[in-house]
Structures are given as C-alpha cells and as structure tokens.
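Results of the structural survey
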Amino acid sequence: MAIELTLLSRSYCHLCHDMEEALAPLLAEFGVSVRVVDVDADPDLEARYDELVPVLLHGESELCHHFLDAAKTREYLSGIR
C-alpha cells in the first residue's frame, strides 16, 4: 500500500513552501506521496493547527510542524515501510 503524507499549508506561508521543498528528497527516497491541504479551507483543521502550520501528518500522527524534522521523518518512514 502506498504511503501518503499530508502537509497542512497556507498559500502565503513561506515556512510551508520551505517544508514542501525540503520534503521532496524524502518523498523520493521512500517512494511516498504528499497531499498539500490548505488549512484555512477547513475550519476544524484551522482551529486545531492554526499556529503550528506548516504541519506534516501521516494519518493522525503529527511528524513535525514549523520546520521539517528530516531525521524524525526518515526514522518514522523507515518504521512503517
């Protein structure tokens, strides 16, 4: 089964763009896809994650927020592969 991560993002957020860019090598390394979700388009997500954006999730598991924690994300992906 393919692994899909979710990146909660905002179009005007430079940290969001930075995380998406930094994530690309890990996506390629592990054959993982990412779905970028505009947190402002969903009131529930905005209420829950507003100040943490960008947030990288796998299902309900929060892998990191504000900045990509590449080591933690790599370790997580290695464990679920």
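Notes on the structure follow. As the structure is a computational prediction, the values presented were derived from the model and not from experiment.

Rules used in this analysis
Residues numbered from 1 in each chain as written. Predicted model: local features only at pLDDT ≥ 70, side-chain atom pairs only at ≥ 80, totals over all residues. Heavy atoms only, no water. Helix = DSSP H or I, 4+ residues; strand = E, 2+ residues; numbered from the N terminus. Rg over C-alpha atoms; globule rule 2.2 N^0.38 Å. Buried < 20%, exposed > 50% of the residue type's maximum accessible area, 1.4 Å probe, protein only. Contact = heavy atoms within 4.5 Å. Lys, Arg positive; Asp, Glu negative; His and termini not counted. Charge placed at Lys NZ, Arg CZ, Asp CG, Glu CD. Expected span 1.5 Å × (residues − 1). Bend = angle between axes of the 7 residues up to and from the residue.

Take the overall build of the chain next. Within the chain, the secondary structure is distributed over three helices and four strands. Secondary structure of the chain in N-to-C order comes out as β-α-β-α-β-β-α. The C-alpha atoms of the chain give 12 Å as radius of gyration, which agrees with the globular expectation for 81 residues (12 Å, within 12%). The dimensions of the chain, computed from C-alpha atoms along their principal axes, are 30 × 20 × 15 Å. Here the chain holds 81 residues, and the buried ones make up 35% of them. Excluding contacts between residues fewer than 6 apart, the proportion of contacts in the chain whose partners are at least 24 apart in sequence is 62%. A distance of 7 Å separates the average location of the 6 positive side-chain charges in the chain from that of its 16 negative side-chain charges.

What follows concerns unusual backbone geometry. Note that the residue after Val53, namely Pro54, is joined by a cis bond; omega there is 0°. Structurally, Pro54 is set in the loop between helix H2 (43–49) and strand E3 (55–58). Positive phi, close to 70°, is recorded for His66, a residue that is not glycine. With respect to the helices and strands, the residue His66 is situated in the loop between strand E4 (61–65) and helix H3 (70–80).

A few words on helix H1 (residues 14–30). Spanning 17 residues, H1 covers 25 Å between terminal C-alpha atoms, matching the ideal 24 Å at 1.5 Å per step. Of all the bends in H1, the greatest, near 35°, is centred on Ala24, and the proline Pro25 appears no more than four residues after it. In this structure, the buried residues of H1 make contact with strand E1 (4–9), strand E2 (33–38), E3, E4 and H3. Residue Gly31 follows H1 closely and has a positive phi angle near 65°.

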